[in-house]
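Each chain is listed here by its residues.
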Amino acid sequence: MFRRSAHTPLSSLALLTTLAALPTTAAAQPVVPGFAACPRGSGITNGFSISFASDGSLFAGHEDNGGLVLAWRMSPGGSVAEPFGDTPLPDPDTSAVDTLGLVTGTPGSLVIGGVCGPGPDDGCLWRVRPDESTSVLFGPSPFIGNVLHTRFDRTGRLLFTSGVTGAVKVSSGAFPTILFTVPGAARCLAIDAGNRIYTSNTATGVISLHSAAGAVVDASFATGFVGSIAVGPSTPEWGADVYGIETAATGGRLIRFRVPDGTPTVIGTGFRGSDLAFGPDNALYILHRPNPPTSLTQVLRIVPCRANWNGVACVDSQDFFDFLADFFAGHADFNDSGATNSQDLFDFLGQFFSGC
Ligand SMILES: [Ca+2]
Ligand SMILES: [Ca+2]
Ligand SMILES: [Ca+2]
């Protein structure tokens, strides 16, 4: 909705035409002050987990218990997602890319995990090669279980959680073994540049930290969090802190946990997030379900962005009009100079039109 119209100095027809062409926001938008949360690509339904190949291809596990389906692949930079693989699978919830090929034998293969039967706890890990040929890697086995999260470390090992247990399992190519066990129910894994392993926990709400060998480093890095986690890419914006996303049921927050003390800072609210991962572009990507109970799943790309003036979702025309309202009210010190003047307007417009 336009808050101001034709009597502002900048409201040329060309500007308004440009603004009208920008995407509009829908309901159920997250709020991320200082950042933008912009939809990336489209076409994913029932997304459960997210991971990236080194070329920027995005993969999403496909939670569709009861039917045979394929995981999702989105092209680098965003596209309409397409099913990936030549064989529909019973429960392809999790996805991670075997960049080195240590576990799958084929670098760049996607590893998918989930329940494959016949028993309710018999799980499988599958391999989908880059040519989409699909085969069982491990299982069916109750030891594999209902796989919840999969991640590779820098040495090429596959780590995963499954079922309602505290076990974190590992494979370097052979059938998996237990690397370590935490109290409660390990949900999600996040691995730092030194191959240390953070786990989140649906039973205890504790994030723990273990060494690559599985020894306890910090049994309670942070508490009060149930959701999925990822480690920042060590850039100035993100550091190597731990980022957590909650579902609507557990609070809907995007939280930054400072390393090494675990101090939490809420970055955003209003998420319905099932997983998150940093892409090769060092942006943070979240799987977000905007309109439950529909299966539509958005990929939201999160980056620092002051042009998202109202803090809501992505940058759109409302940010422009909200900025103008604040500008004419004298509190739009965009460049932190201590005063609001025309330079703030030019600086804002520069970012607004260059995008985030
Ligand atoms: Ca499952
Ligand atoms: Ca906005
Ligand atoms: Ca200023």
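Residues numbered from 1 in each chain as written. Chains lettered and ligands numbered in written order. Predicted model: local features only at pLDDT ≥ 70, side-chain atom pairs only at ≥ 80, totals over all residues.

Enquirer: Sorry if this is basic, but what is going on with the overall build of the protein chain here?
Expert: Across its full length, the protein chain holds 3 helices and 25 strands. Over its C-alpha trace the protein chain gives a radius of gyration of 22 Å, about what one expects of a compact globule, namely 21 Å for 356 residues. Residues classed as buried in the protein chain amount to 44% of the 356 residues present. Across the protein chain, every contact between residues at least 6 apart in sequence was considered, and the portion connecting residues at least 24 apart equals 45%. (Helix = DSSP H or I, 4+ residues; strand = E, 2+ residues; numbered from the N terminus. Rg over C-alpha atoms; globule rule 2.2 N^0.38 Å. Buried ≥ 20, exposed ≤ 12 C-beta atoms within 10 Å, placed from the backbone. Contact = placed C-beta atoms within 7 Å.)

Enquirer: What's the story with the domain arrangement of the protein chain in this structure? I'm lost.
Expert: By convention, interface size is frequently given as the accessible area that disappears when the constituent parts associate. By the assigned domains, the protein chain splits into domain 1 (13-24 + 316-354) and domain 2 (35-304). Taken over C-alpha atoms, the centre of domain 1 sits 37 Å from the centre of domain 2. (Domains from an automatic or database assignment.)

Enquirer: Please explain the nonpolar core as it appears in this structure.
Expert: A general feature of soluble globular proteins is that nonpolar side chains tend to end up buried together. In this structure, A37, Y198, I207, L276, Y285 and I286 are the most contacted members of the largest nonpolar core, which totals 93 residues. Mapped onto the domain boundaries, this core takes at least three residues apiece from domain 1 (13-24 + 316-354) and domain 2 (35-304). Residues contacting I207, with those up to four places away along its chain left out, are Y198, T199, S200, F221, A222, F225, I229, V242 and F257. (Core = buried A, V, L, I, M, F, W, Y, C linked by C-beta atoms within 7 Å.)

Enquirer: Just to check I follow, could you spell out the sheet that holds strand β16 (residues 197-201) for this structure?
Expert: Two strands in a sheet stick together by hydrogen bonds in their backbones, pointing the same way (parallel) or opposite ways (antiparallel). Sheet architecture is open: 4 strands sit in the order β15-β16-β17-β18, paired in antiparallel fashion. Of all strands in the sheet, those bounded by a partner on one side alone are β15 (186-191) and β18 (216-222). On average, adjacent strands in this sheet sit at an angle of 25° to one another, irrespective of strand direction. Two elements, strand β17 (residues 207-210) and β18, share 3 bridges in a ladder whose sense is antiparallel. By the bridge assignment, H210 is partnered in β18 with V216. (Pairing = 2+ DSSP bridges. Axes fitted to C-alpha atoms, helices over the stretch in contact; angles between N-to-C directions.)

Enquirer: I tried to follow the sheet that holds strand β5 (residues 69-74) on my own but got confused; where do I start?
Expert: With antiparallel pairing, 4 strands are arranged side by side in an open sheet as β3-β4-β5-β6. In the strand order of this sheet, the two ends are held by β3 (47-52) and β6 (82-89), each with one partner. Across the sheet, the mean angle separating the axes of adjacent strands is 25° when strand polarity is ignored. Pairing between β5 and β6: 4 bridges, direction antiparallel. Across the sheet, residue W72 finds its bridge partner in β6, namely P83.

Enquirer: Help me out: how do you make sense of the pairing of strand β21 (residues 254-257) in this one?
Expert: Along a regular strand, successive side chains alternate from one face of the sheet to the other. Of the pairings in the sheet, the one linking strand β20 (residues 242-245) to β21 comprises 4 bridges and is antiparallel in character. Directly across from Y243, in β21, lies its bridge partner R256. Between the end of β21 and the start of strand β22 (residues 264-268), which pair antiparallel, lie 6 residues, with G262 showing a positive phi angle near 80°.

Enquirer: Mind showing me how you'd approach the pairing of β15 here?
Expert: As judged from the 5 bridges shared by β15 and β16, these two strands associate in the antiparallel manner. Its bridge partner lying in β16, A186 is registered against N201. The turn joining β15 and β16, which pair antiparallel and follow one another in sequence, is formed by 5 residues; a positive phi near 65° is taken by N195.

Enquirer: I keep staring at helix α3 (residues 342-354) and nothing clicks. Help me out?
Expert: Because an α-helix packs 3.6 residues into every turn, residues spaced three or four apart end up facing the same way. Its 13 residues place the ends of α3 18 Å apart at the C-alpha level, agreeing with the 18 Å of an ideal helix rising 1.5 Å per residue. Taken together, the buried positions of α3 are occupied by D344, F348 and F352. Down the axis of α3, the sector holding all buried residues measures 65°, keeping them to one side. Exposed side of α3, more than 90 degrees from the buried face: S342, F346, G350, F353 and S354 are the residues found there. Residues of α3 that are buried in the fold lie against α2 (317-328). Once α3 finishes, G355 follows within two positions and takes phi at roughly 80°, a positive value. (Expected span 1.5 Å × (residues − 1). Arc of directions from axis to C-beta.)

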